[in-house]
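Observations on the model geometry
Each chain, written out:
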Amino acid sequence: MLKKSLIVFPIFLLLLSTAFPQGKGGGGGGKGQGQGMGQGQGQGMGQGGGQATNAQMEHKRIKATEQQRDQIRSCDKLADDIRKQTRKMAKDSGKNLNPGQLNQQQVHVRNQIRKMEQEHEQLMNGLDANQRQAWQEQIRSMNQLHQQLNLHQQQMDDELKGSPDAKRVAEKAREMERTMNEWRKQYGVLSSQAEI
């Protein structure tokens, strides 16, 4: 009985190896192929990522004149002044509403916006084709923000006529502040990318 078992067992192993020729070896090959694909994809992604990073770095360095950098700083400072003033308007309207004081603040905001618009227009008119191409997203955003700002300003003027509502004045002032925050973000991009 033992002899029969010793004879049958090797035959059984032989049948197994012939029935499944790609058992471990095939699995190993599959794994190797998987690793190869993974490495290839990883390298491809790595190279692509490197190219994207280089492109971003190149995009972050835009040639600009000293005058343009000064204009960007000036626009950003004016935008920050407007932001601070509109925040103050929101706070003041929430305390004891003083229409005369709020109208004075609105006049100041309007004057600051006019100055910023002039400075911004000079900056935009002085950009060359490469700068316009590189900053087209920021320029488009600022054009949209400019429209929003004009709308908020008109709404504030309307709200301050007659007997202003403190809640609505505060709401309009906060909307203007948020718009100026977004505007400053765009100037921040220009400032970080502009180099002489």
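Residues numbered from 1 in each chain as written. Predicted model: local features only at pLDDT ≥ 70, side-chain atom pairs only at ≥ 80, totals over all residues. Heavy atoms only, no water.

Details of the nonpolar core
Counting residues in hydrophobic clusters, the biggest one holds 32 residues, and the most contacted among them are Met116 and Trp183. Mapped by element, the contributors of at least two residues to this core are α3 (66–94), α4 (99–125), α6 (136–160) and α7 (166–193). Beyond its immediate sequence surroundings of up to four residues, tryptophan 183 is in contact with Met116, His120, Met142, Leu145, His146 and Leu149. (Core = buried A, V, L, I, M, F, W, Y, C linked by side-chain atoms within 4.5 Å. Buried < 20%, exposed > 50% of the residue type's maximum accessible area, 1.4 Å probe, protein only. Helix = DSSP H or I, 4+ residues; strand = E, 2+ residues; numbered from the N terminus. Contact = heavy atoms within 4.5 Å.)

Digging into the packing of α4 against α6
With their axes 11 Å apart at the nearest point, α4 and α6 run at an angle of 160 degrees to one another. Taken as axis vectors, α4 and α6 run roughly antiparallel relative to one another. Crossing hand, α4 versus α6: left-handed. Mapping the contact onto sequence places Leu102, Asn103, Gln106, Arg110, Ile113, Met116, Glu117, His120 and Met124 in α4 and Ile139, Met142, His146, Leu149, Asn150, Gln153, Met156, Asp157 and Leu160 in α6. Residues of the contact of α4 with α6, tallied by class, amount to 9 nonpolar, 6 polar and 3 charged. (Axes fitted to C-alpha atoms, helices over the stretch in contact; angles between N-to-C directions. Parallel < 35°, antiparallel > 145°, perpendicular 65-115°, else oblique. Left-handed = near helix turned anticlockwise from the far one by under 90°. Nonpolar A, V, L, I, M, F, W, Y, C, P; charged D, E, K, R; others polar.)

So, the environment of aspartate 128
Here aspartate 128 is to be found in the loop between α4 and α5 (129–134). Residue classification places aspartate 128 among the partly exposed positions, given a relative accessible area of 39%. Sequence separation of aspartate 128 and alanine 64 is 64 residues, and the distance between their C-alpha atoms is 9.3 Å. One polar contact links the side chain of aspartate 128 to the main-chain amide nitrogen of asparagine 130, over a distance of 3.1 Å. (Polar contact = N/O pair within 3.5 Å; in protein donor to acceptor, adjacent residues only side chain to side chain.)

Some remarks on the packing of α4 against α7
Look at α4 against α7: their axes get within 14 Å of each other, and the N-to-C directions meet at 25 degrees. Comparing their axes, α7 and α4 come out roughly parallel. Note that α4 runs across α7; the crossing there is left-handed. In this structure, α4 uses Leu102, Gln106, Val109, Ile113, Met116, His120 and Leu123 to contact α7, whose residues at the interface are Val169, Met176, Met180, Trp183, Tyr187 and Leu190. Of the residues assigned to the contact of α4 with α7, the class counts are 11 nonpolar, 2 polar and no charged.

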